[in-house]
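# Analysis of the macromolecular model
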Amino acid sequence: MKMNQTWKKQDIELKPGMSLNGKWHKFRYMIKRKLGSGAIGSVFLCECNGKEYALKISDNSTSMTMEVNVLKSLQKVQGNRLGPSLFDVDDWVTPHGIKYSFYVMEYLKGETMASFIKRNGSAWIGVFMLQLLEDLERLHQSGWVFGDLKAENLLVLSSPPRVRWIDVGGTTQKGRAIKEYTEFYDRGYWGMGSRRAEPSYDLFAFVMVFLNLYFPKRFNKGPNAEKVLYAKINEVKALKIYSPCLMKAIQGKYQSSAQMKNEIANTMYKAQKTHTSSKQTGRTQKVRTKTKSPVIVETGGIFLLALFYYLSSLLVP
Amino acid sequence: MKKGTLKQILLITDGCSNKGEDPAATAAIAYQQGITVNVIGILDDDQTEEPEGLHEVEDIALSGGGVSQLVYKQSLSQTVQMVTKQAMTQTLQGFVNQELKQILGPKQSMEDLDPEKRGEIMEVVEDMGETCDLEVLVLVDTSASMHDKLPTVKEALIDLSISLNARIGRNRFCIYSFPGKRKDIQKVFDWSPKLDAISTIFPKLTSGGITPTGPAIREAMYQFGKKSLLRSLRDEDEPNVEEAGY
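Residues numbered from 1 in each chain as written. Chains lettered and ligands numbered in written order. Predicted model: local features only at pLDDT ≥ 70, side-chain atom pairs only at ≥ 80, totals over all residues. Heavy atoms only, no water.

Right, let's get into the pairing of strand β5 (residues 171-178) of chain B. All names here are of chain B. Taking burial as the measure, the 8 residues of β5 include 8 buried ones, the bulk of the element. Every second residue of β5 is oriented toward a common face, with Asn 171, Phe 173, Ile 175 and Ser 177 on one face and Arg 172, Cys 174, Tyr 176 and Phe 178 on the other, all of them buried. Pairing between strand β4 (residues 133-141) and β5: 8 bridges, direction parallel. In the strand pairing of β5, Glu 135 is matched with Arg 172. Taken together, β4, helix α5 (residues 150-164) and β5 form a β-α-β motif whose crossover is right-handed. As paired elements, β5 and strand β6 (residues 186-192) share 4 bridges and run antiparallel to each other. Across the sheet, residue Ser 177 finds its bridge partner in β6, namely Gln 186. (Buried < 20%, exposed > 50% of the residue type's maximum accessible area, 1.4 Å probe, protein only. Helix = DSSP H or I, 4+ residues; strand = E, 2+ residues; numbered from the N terminus. Pairing = 2+ DSSP bridges. Right-handed = clockwise from strand over helix to strand, strands pointing away.)

Pasting the structure below:
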């Protein structure tokens, strides 16, 4: 094995139409197009026996093996919704004799959360929050922490809209050191906690995922990182009603995702309730509601819709 | 099974050595002594390609059995911790490979195994990486051109300590700078489990003119043996304190 591999970003260029044969399992994959590339390796859309798959390939066999190990253990968690399902793991030797490792997984088709929300409105924020927290809770329950939770690792699948994780490479066993992270989403970088894998680590990144929606260019931590985060959370109108929960998550005050999920669901419920009660007592409070009611009606409506979509997404497996 | 301690030198520099023996040669000696040498070359913002002077970076890491990486100073933090972890995995994998060769014959290495077996072995390597003890000697180039990069280096080292201290295994760091006054290297920060305290020391670093990378690595090598007897005795008395909680 190559001992002194200097560690460089080396993108493998596979041309559409090319095919590769697995060294061990002998499957033949036809490359269709490139889907993207990350810190380790590139992902391609490919076809095998008439089915489409996503194929991740890299010359870093070590990291690839570690990612496959994670995918395999996630597969053991009941249900299949945590991350894409794994189809094949193999090596490919080029005609020049260079060895690459690759693995093949379910191809998830969808769009980024940012583009979905841009088209469908911020009513979906609450839905996605609940969906993500539900998945995180299941992951944490099984002894894992996502680690590198970020917008790029999430995809919204359509009908019904459902957030899914597409890259689980950073998933780390609870109690260990986080394997992979991105500075903006990392609480260690913001000085808000350790890099030990625990549920609160993911919940911090969770908040940053939603901040990133509204600050796509991200922002710097400055001399007082904590203040910057609070200011940014309060700055976004669409996140306003969740801000108490988001603050708590940033401070690491939630012990579990379930706890945070409950509070967010409650917030949504209350927002909806105030909306209906303000309608009933509308006459007596005429003067005050005159200025307030449009906002309340709007947010209330949004949450009714959000709750409806969330519930319907639960019904359809 | 007794857990071993991994020893690493992390060299952070921005240029070519210009005094003393070949740094690649001293790195090779260190590697022989069981110390891995990793090198991070910092690029100036206007440097686009690999500059001549930084070719050395790869050579040193190659003969030192470690990992090398060229970066702009903005991404130094993440690089420092990734290089350190990558080198740990590489070293441990090297050990495992040696064992495999003894069991399976000289021509077998991990990559000749099928992906399933490889996965199982990687799990072991990962476990070892998480639980083994680690000693990192940081060797910072403080020649004149490094002056404006030192604050970033400081940030990156504090960040490294955050990352590594999230592991289950124990860590120990120390920092040396080179060139020293009248010596090849100068102690900046003595062996310690954390690096949070370095904020106060770093601004005092003075920049010198020459870059004696080779001699610096040679001197750094000896610092691993120099830990006081008292300390090593004390460490033996408290076996795996951190482990207890897991």
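From this point, the narrative continues.
So, on to the pattern of salt bridges. As a working rule, side chains carrying opposite charge can pair if their charged atoms are close by. Residue and element names in this part refer to chain A. With the rule as written, the count across this model stands at 27 salt bridges over all chains. Residues Asp 135 and Arg 138 are paired through a salt bridge, measuring 4.0 Å at the closest nitrogen-oxygen approach. You can see Asp 135 and its partner Arg 138 sitting in helix α3 (residues 124-141), 3 residues apart, about one turn around the helix. Overall, the relative accessible area of 0% leaves Asp 135 in the buried class. Overlapping salt bridges bring together Lys 32, Glu 47 and Glu 52 as one network. (Salt bridge = Lys/Arg side-chain N within 4 Å of Asp/Glu carboxyl O.)

Now for the interface of chain B and chain A. With 46 residues of chain B in contact, the opposing surface of chain A contributes 33 residues. Here chain B meets chain A over a buried area of about 3600 Å², counting both sides, of which 48% is carbon and sulfur. Scanning the region where chain B abuts chain A turns up 5 salt bridges. The residue Asp 91 of chain A makes a salt bridge to Arg 118 of chain B at a minimum N-O spacing of 2.5 Å. Summed over the shared surface of chain B and chain A, the result is 15 residue pairs in polar contact (both at pLDDT 80 or more). At the level of secondary structure, the elements contributing two or more residues to the side of chain B that touches chain A comprise α2 (55-63), β3 (65-72), α3 (76-104), α4 (115-131) and α5 of chain B. The element best represented in the side of chain B that touches chain A is α3 of chain B, accounting for 13 residues. Taken together, the residues of the side of chain B that touches chain A sort by class into 13 nonpolar, 18 polar and 15 charged. (Contact = heavy atoms within 4.5 Å. Buried area = accessible area lost by both parts, 1.4 Å probe. Polar contact = N/O pair within 3.5 Å; in protein donor to acceptor, adjacent residues only side chain to side chain. Nonpolar A, V, L, I, M, F, W, Y, C, P; charged D, E, K, R; others polar.)

Before going further, it helps to spend a moment on the environment of Gly 169 of chain B. Within the element layout of this structure, Gly 169 of chain B appears in the loop between α5 and β5. Residues Gly 169 of chain B and Thr 5 of chain B, spaced 164 residues apart in sequence, show a C-alpha to C-alpha distance of 9.4 Å.

Spatial relationships are all this shows, so hold off on functional conclusions.
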